[in-house]
Amino acid sequence: MKIVRPKIIGTLKINVMMAGNLAVVNDIKNAPNKIIVQCSSYEHGEEIIKKIKESKVGETLHF
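Below is a summary of the structure that appears in this document. Not measured: the values here are computed from a predicted model.

Topologically, arginine 5 is positioned in the loop between β1 (2-4) and β2 (12-16). Despite being buried, arginine 5 has no salt bridge partner; glutamate 59 is the closest side chain of opposite charge, sitting 7.0 Å away. One polar contact links the side chain of arginine 5 to the main-chain carbonyl oxygen of serine 55, over a distance of 3.3 Å. Once residues within four sequence positions are removed from consideration, arginine 5 is found in contact with Ile52, Ser55, Lys56, Val57, Gly58 and Glu59.

Written as structure tokens, this is what we have:
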């Protein structure tokens, strides 16, 4: 999966989705800044959050 890092990230957290899988989600409602990245475990989710926070605006991230 690839995402382009938006200018505003908001609060990133690991949520359990309705299907039972885990995903890293931010708290922004509008579409251009919304982030949803699936992860396999809480440790994997923490790594994704770390990569997103360390990246620059407009950088393409591959997961």
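Moving on: the environment of glutamate 59. Its location among the elements puts glutamate 59 in the loop between α1 (42-54) and β5 (60-62). Residue glutamate 59 is classed as partly exposed on the basis of its relative accessible area, which comes to 35%. Taking the C-alpha atoms as reference, glutamate 59 lies 5.6 Å from arginine 5; in sequence the two are 54 residues apart.

With 13 residues, α1 extends 18 Å between its outermost C-alpha atoms, agreeing within 8% with the 18 Å of an ideal straight helix rising 1.5 Å per residue. The complete set of buried residues in α1 reads Gly45, Ile48, Ile49 and Ile52. With its buried residues spanning 100 degrees around the axis, α1 presents them on a single face. With respect to the buried face of α1, the exposed residues turned more than 90 degrees away are Glu43, Lys50 and Glu54. Those residues of α1 that are buried are in contact with β1, β2, β3 (22-26), β4 (36-39) and β5.

Calculation notes
Residues numbered from 1 in each chain as written. Predicted model: local features only at pLDDT ≥ 70, side-chain atom pairs only at ≥ 80, totals over all residues. Heavy atoms only, no water. Helix = DSSP H or I, 4+ residues; strand = E, 2+ residues; numbered from the N terminus. Buried < 20%, exposed > 50% of the residue type's maximum accessible area, 1.4 Å probe, protein only. Lys, Arg positive; Asp, Glu negative; His and termini not counted. Salt bridge = Lys/Arg side-chain N within 4 Å of Asp/Glu carboxyl O. Polar contact = N/O pair within 3.5 Å; in protein donor to acceptor, adjacent residues only side chain to side chain. Contact = heavy atoms within 4.5 Å. Expected span 1.5 Å × (residues − 1). Arc of directions from axis to C-beta.

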